[in-house]
Amino acid sequence: MIKEFEFYHGLVFARILHGTQRPLAIMPFQSVSNASYVVNDAVGIYIKYSAKRMTPWRFTFKREHQEEIDLMKSQFTNVFLLLVCNDDGVVCLSYLELKQILDNQLDPIEWISATRHKRQMYAVKGSNGKLDFKIGQNDFPEKIFANTATHDLTVATTAKIAV
């Protein structure tokens, strides 16, 4: 029987493969979860999904989820959180963007919410704040292959759109 997470993770892998036209190596990140992977030995990705049909999509983060993302960050410069919003799209957040909405105080349970209305981009907020810009559907998968050091410094002037 096919597990639900396999459908959503398969979507992410298909988008990465078809959207980048680059050679790829995807390996599971050594952890107890089935949510984290390493792309091309250099980029950590953590996938969460919501099977809810319509906006807003909510994602629960236990302390161990955030600890795993932080562990990936200790090993890789580039780490991204991918939020699969059922069949609507994928919200791609850099580690710095994630820390704007879920800070370093790891509570036992926290949340992220992604909202998107027709022909608009995703508004994202979390337990500890909200992004002051929206995330485009087309940010993924290219965002994970961009030079994120440059991206994080210039995101305020190039990629952010005021809410």
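Residues numbered from 1 in each chain as written. Predicted model: local features only at pLDDT ≥ 70, side-chain atom pairs only at ≥ 80, totals over all residues. Heavy atoms only, no water.

**Comments concerning helix α2 (residues 63-75)**
Then comes step 1: Taking 1.5 Å per residue as the helical rise, α2 with its 13 residues ought to reach 18 Å, and the 19 Å between its terminal C-alpha atoms agrees with that figure.
Then comes step 2: For α2, the set of buried residues is His65, Gln66, Glu68, Ile69 and Met72. Along α2, the residues classed as buried sweep out an arc of 155° about the axis, all on the same side.
Then comes step 3: Tucked inside the fold, the buried residues of α2 contact β2 (36-39), β3 (43-50), β4 (57-62), β5 (78-85), α3 (95-101) and β7 (109-115). (Helix = DSSP H or I, 4+ residues; strand = E, 2+ residues; numbered from the N terminus. Expected span 1.5 Å × (residues − 1). Buried < 20%, exposed > 50% of the residue type's maximum accessible area, 1.4 Å probe, protein only. Arc of directions from axis to C-beta. Contact = heavy atoms within 4.5 Å.)

**Comments concerning the pattern of salt bridges**
Side-chain pairing between opposite charges can occur once the charged atoms of the two side chains come close.
Then comes step 1: Under the counting rule described, the total for this entry stands at 3 salt bridges.
Then comes step 2: The partner of Asp88 in a salt bridge is Arg116, and the shortest N-O contact between them spans 2.8 Å. Pair noted here: Asp88 is in the loop between β5 and β6 (89-94) and Arg116 is in the loop between β7 and β8 (123-126), with a separation of 28 residues, a long-range link.
Then comes step 3: Between Lys143 and Glu97 there is a salt bridge; the shortest N-O distance is 2.7 Å. Residue Lys143 is located in helix α4 (residues 142-145), and its partner Glu97 is located in helix α3; the two are separated by 46 residues in the primary sequence. The exposure classification of Lys143 matches that of Glu97, with both residues buried. (Salt bridge = Lys/Arg side-chain N within 4 Å of Asp/Glu carboxyl O.)

**A short note on the sheet that holds strand β1 (residues 26-28)**
Then comes step 1: A sheet is described by the order of its strands in space; here 5 strands give the open sequence β1-β2-β3-β5-β6, paired in mixed fashion. Both edges of this open sheet fall to β1 and β6, since each of them pairs with a single strand only. Strand-to-strand, the axes of this sheet are offset by a mean angle of 30°, without reference to chain direction.
Then comes step 2: Pairing of β1 with β2 involves 3 bridges; the strand directions are antiparallel. Across the sheet, the residue bridging to Met27 is Val38, located in β2.
Then comes step 3: Against the sheet, helix α1 (residues 4-20) touches β1, β2, β3, β5 and β6, its axis set at about 135° to β3.
Then comes step 4: Together, β2, β3 and β5 form the strand contacts of α2, whose direction differs from that of β3 by roughly 160°. (Pairing = 2+ DSSP bridges. Axes fitted to C-alpha atoms, helices over the stretch in contact; angles between N-to-C directions.)

**Section: the sheet that holds β7**
Then comes step 1: Strand order in the open sheet made by the 4 strands is β4-β7-β8-β9, with antiparallel pairing throughout. Here the strands that pair on one side only, and so sit at the sheet edges, are β4 and β9 (129-130).
Then comes step 2: Here β4 pairs with β7 via 6 bridges, running antiparallel. Looking at the pairing, Phe59 lines up with Ile112 of β7.
Then comes step 3: In this fold α2 packs onto β4 and β7, with an angle of close to 80° to the strand it touches most, β4.

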